[in-house]
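Residues per chain are reported as follows:
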Amino acid sequence: MKIAVVGATGMVGEVMLKVLEERDFPVTELIPVASEKSVGKPIDFKGKTYHVVNLETAVSLKPEIALFSAGGSTSLEWAPKFAEVGTTVIDNSSAWRMDLDKKLVVPEINAQALTKSDKIIANPNCSTIQMVMVLAPLHKKYTIKRIVVSTYQSISGTGVKAVKQLENELAGVKGEMAYPYPIHQNALPHCDVFEENGYTKEEMKLVRETQKILDDRSIAVTATAVRIPTAGGHSESVNVEFENDFDINEVRQLLNNTSGVVLQDNPDVNIYPMPIYAHGKDDVFVGRIRRDGSQPNSLNMWIVSDNLRKGAATNTVQIAEYLIKNSLV
Ligand code: 2RA
């Protein structure tokens, strides 16, 4: 399988290469793609050295699958060009997520909707993926009415510049700012840009993408997305109200039996999900599950996952695995 990784030198791109190797993905030829300034850069993959090429060259090589993590404008311009030569694109940007005829896929939830004609597939936002991984089985069983989510997001979600800003602040040196304020010892209620309605794009992604992935526009969602000085993963406090009542132990059992979800829920011995534990792992961790006594049919949860893995690279590779397994490429 000829596989292109577009954005191969970026944070998500590098994790995609690592995940492809870890999962022994059937790559016969790797095409690492990046901007002109990186062309020729050596990339070691499965014991071979490849060299970065530009987008034009990558399209001409007609890969079967192209994994994109290169920003929305690059995806909008180049995903269709790859699709025209028969490549199936799986894109990590927000460019195609809300497009009516593009699928927004978390394999454990809705991969079965994919067909051979889906040549541009959208990978959801990291904070959405980890939340719906936990909520999808509960929605199926109890029907979700409303979700209130607050996120505590890793600086790795912003990128290299943000990680460098925190390093500089910890070292006490001045440097380029990824955020309008210091991030060390701070919390910024400002992930991505603000929209007309006073919410950020990141918060509205949680609203819109959740409804699309669960295929239910009646689900009410409200979100507050916060950036915090951690690097290992995104954390989320989720309050969910169901149409129907539930048994809390049945909820725990259901989640324990959900592929890709790991229950970490024993506060008596300080067992609960944390980014320092989730970092580098592909699962979504859930704990602090407790009934919300302030309103009927409601519960609270704490959900943590490595935003560069299941939140981006691993979910993307899992979509590609699904395509191959089901002969859709
Ligand atoms: C963030 N989810 O964390 C966004 C993009 N990766 O900034």
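Residues numbered from 1 in each chain as written. Predicted model: local features only at pLDDT ≥ 70, side-chain atom pairs only at ≥ 80, totals over all residues. Heavy atoms only, no water.

Is there a simple way to explain the UniProt feature "binding site: NADP(+)" (unreviewed entry) in the chain in this structure?
When the UniProt feature table is mapped onto this chain, "binding site: NADP(+)" (unreviewed entry) is found at Thr9, Gly10, Met11, Val12, Lys37, Ser38, Ser156, Gly157 and Asn307. Taken along the chain, the residues just named run across 299 residues; in space they spread out, the farthest C-alpha pair reaching 26.9 Å. As for the annotated residues, the ones lining the largest pocket are Gly10, Met11, Val12, Ser156, Gly157 and Asn307. For Thr9, the location among the structural elements is in the loop between β1 (2-6) and α1 (11-22). For Thr9, a relative accessible area of 26% puts it in the partly exposed group. Residue contacts for Ser38: discarding those within four places in its chain leaves Thr9 and Val52. (UniProt positions renumbered as here; feature names shortened; annotations may be inferred. 1 Å grid on protein atoms, 1.4 Å probe; cavity = no way out; pocket = protein on both sides within 12 Å on 5 of 7 lines; lining within 4 Å. Helix = DSSP H or I, 4+ residues; strand = E, 2+ residues; numbered from the N terminus. Buried < 20%, exposed > 50% of the residue type's maximum accessible area, 1.4 Å probe, protein only. Contact = heavy atoms within 4.5 Å.)

Is there a simple way to think about the pairing of strand β2 (residues 29-33) in this case?
A regular strand places its side chains on the two faces of the sheet in alternate fashion. Among the five residues in β2, four count as buried, and that is most of the element. Of the strand pairs in this sheet, β1 and β2 are connected by five bridges, and their pairing is parallel. Paired with Val6 across the bridge in β2 is Val33. Note on the crossover from β1 through α1 to β2: the handedness is right-handed. (Pairing = 2+ DSSP bridges. Right-handed = clockwise from strand over helix to strand, strands pointing away.)

Mind showing me how you'd approach the pattern of salt bridges here?
Side chains carrying opposite charge are able to pair once their charged atoms draw close together. On inspection of all chains with the given rule, the structure shows 19 salt bridges. Among the ionic pairs, Lys164 bridges to Glu167, the shortest N-O distance being 3.7 Å. Taken together, the residues span about one helical turn, with Lys164 and Glu167 both in helix α6 (residues 160-171) at a distance of three residues. A residue is classified by how much of its surface remains accessible, and Lys164, at 44% relative accessible area, is partly exposed. Its relative accessible area of 42% is what places Glu167 among the partly exposed residues. Across the pair Asp192 and Lys205 runs a salt bridge whose closest N-O atoms are separated by 3.5 Å. Highlighted residues: Asp192 in the loop between α6 and α7 (201-213) and Lys205 in helix α7, separated in sequence by 13 residues. Since its relative accessible area comes to 34%, Asp192 is described here as partly exposed. Overlapping salt bridges, with partners in common, bring together Glu22, Asp282 and Arg309 in one network. (Salt bridge = Lys/Arg side-chain N within 4 Å of Asp/Glu carboxyl O.)

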